[in-house]
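Coordinates in review
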Amino acid sequence: MRIIFMGTPQFAVASLDALIKAGSDIVAVITAPDKPAGRGQKVSESAVKQYAAANGLKVLQPEKLKNEDFIAELKALKADLQVVVAFRMLPEAVWNMPPKGTINLHASLLPQYRGAAPINWALINGEKESGVTTFFLKHDIDTGNILFTEKITLTGHEDAGELHDRLMNKGAGLLVKTVKAVESGRYNEHPQAQLAEGTELRHAPKIFKDDCKIDWAQPTLSIYNKIRGLSPVPTAYTELNGKNLKIYVSQYELSETDIQPGGFLTDNKTYLKFAAKDGFISLKDIQLEGKKRMGIEDFLRGVKL
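Quick look at the structure, then. Bear in mind the structure is a predicted one, so any value in this text is a computation, not a measurement. (Residues numbered from 1 in each chain as written. Predicted model: local features only at pLDDT ≥ 70, side-chain atom pairs only at ≥ 80, totals over all residues. Heavy atoms only, no water.)

1. Details of helix α3 (residues 68–76)
- All buried positions along α3 are accounted for by F70, I71 and L74. Across the axial projection of α3, the buried residues extend over an arc of 100°, all falling on one side. α3 presents E68, D69, K75 and A76 as exposed residues on the side facing more than 90 degrees away from its buried surface.
- Along its buried surface, α3 packs onto β1 (2–7), β2 (25–30), β5 (59–60), β6 (81–85) and α4 (92–95).
- Put simply, N67 is the residue that caps the front of α3, since its side-chain oxygen is 2.9 Å from the backbone nitrogen of D69. (Buried < 20%, exposed > 50% of the residue type's maximum accessible area, 1.4 Å probe, protein only. Helix = DSSP H or I, 4+ residues; strand = E, 2+ residues; numbered from the N terminus. Arc of directions from axis to C-beta. Contact = heavy atoms within 4.5 Å. Polar contact = N/O pair within 3.5 Å; in protein donor to acceptor, adjacent residues only side chain to side chain.)

Take a look at the structure:
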């Protein structure tokens, strides 16, 4: 089959690499336009573009997916199948173009965690399992018929970076399996399951800065899950001496305390812990605004609280 691959971040690179190593005919790669990044606003290429260029693949970077010239170029490629991994919403003129359809790899067990940030929200909500799903695209986001799923068990202590890497690699293998099944015609697609009565449908919307601020009046375990669900990016934060304090790694302890939520205890040497609703969050790896990221003991050597 002639395949067009669409993706942007590092998560998608593993899938593109797996497809190439499996012998797939990738006739073009569609990725985000280059954009300024960092303090110097140096033009940055997506991880997918960098990989594609290094492997001699044709790259297209449309500003708008409905652009007539882009649509015409896409048609001229005569793809049998399109594969989407961590890209953006496609107009129907794009996803409905190939005769074998467009398949998407999503980092959740659909229908749970439809949306832009499934890895983060699964951990924030303290899920016991996660996984990857391949499905055919249709009109509504992340709602198409499912091809395959693969589950993984969560420990309750991994952060979003660790889960990202596990699902990235698991998803790459599942995508190769899916593409081979579509090519052979040996697959069964099925509608996304209806949830059992009383089961809550969880969503995974894009995360904004306000979502990252810690509310110390919340239960201790909820705060702990939020910290690991947002680490290493975009990172949970609180305020300390009028400055934002990012928290990358923490531990929690459930205990009764007379300290008001948001108050803290420290020996100014080895520990700094904030009071929550029913215990403490002990900070282990942090970054104060204007400073570099560091372990708590190094931080306390330079700051007296």
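The rest of the description comes next.
2. Focus on the sheet that holds β2
- Judged by pairing direction, the sheet is mixed, and its seven strands sit side by side in the order β5-β2-β1-β6-β7-β8-β9 without closing on themselves. Looking at strand neighbours, the two that pair on one side only are β5 and β9 (146–153), the edges of this open sheet.
- Two strands pair when backbone bridges link them, and β1 and β2 are joined in this way by five bridges, in the parallel orientation. What sits directly across from F5, in β2, is V29.
- Packed onto the sheet, helix α6 (residues 160–184) meets β1, β6, β7 (102–106), β8 (129–136) and β9 and runs at close to 150° relative to β9. (Pairing = 2+ DSSP bridges. Axes fitted to C-alpha atoms, helices over the stretch in contact; angles between N-to-C directions.)

3. Topic: a nonpolar patch on the surface
- On the surface, L221, Y252 and L254 cluster together into a nonpolar patch covering about 280 Å² of accessible area.
- Positionally, L254 belongs in strand β11 (residues 243–254).
- A relative accessible area of 58% places L254 in the exposed class. (Patch = residues over 30% accessible without salt bridge, like charges linked within 9 Å, V, L, I, M, F, W, Y side chains within 5 Å. Areas by Shrake-Rupley, 256 points an atom, 1.4 Å probe, with all protein chains shown as cover. Salt bridge = Lys/Arg side-chain N within 4 Å of Asp/Glu carboxyl O.)

4. Details of the layout of surface pockets
- In this structure, the largest pocket spans a volume of roughly 1400 Å³.
- Along the walls of the largest pocket sit 44 residues, with P9, A86, F87, A116 and A117 positioned nearest its centre.
- Class assignment of the residues belonging to the lining of the largest pocket gives a composition of 24 nonpolar, 12 polar and eight charged.
- Two domains share the lining of the largest pocket, each providing at least three of its residues, namely domain 1 (2–195) and domain 2 (209–302). (1 Å grid on protein atoms, 1.4 Å probe; cavity = no way out; pocket = protein on both sides within 12 Å on 5 of 7 lines; lining within 4 Å. Points joined across faces, edges and corners; volume = space filled by probe spheres on them. Nonpolar A, V, L, I, M, F, W, Y, C, P; charged D, E, K, R; others polar. Domains from an automatic or database assignment.)

5. Comments concerning the environment of G229
- Looking at the element boundaries, G229 is found in helix α8 (residues 220–229).
- Look at G229 and you get buried, because its relative accessible area is 0%.
- As for G229 and I30, which are separated by 199 residues in sequence, their C-alpha atoms are 29 Å apart.
- Apart from residues no more than four positions distant in its own chain, G229 is found in contact with N120, L123, I124 and A160.

6. Some thoughts on the nonpolar core
- In terms of nonpolar packing, the biggest core is built from 41 residues, with F5 and V83 touching the most fellow members.
- Per-element tally for this core: the top contributor is α6, with 11 residues.
- If we skip the residues at most four places from it in the chain, F5 touches A12, S15, L16, L19, I26, A28, V29, I30, V83, V85 and L175.
- Among the nonpolar cores identified, the runner-up in size contains 31 residues, and A122, I247, A276 and I286 belong to it. (Core = buried A, V, L, I, M, F, W, Y, C linked by side-chain atoms within 4.5 Å.)

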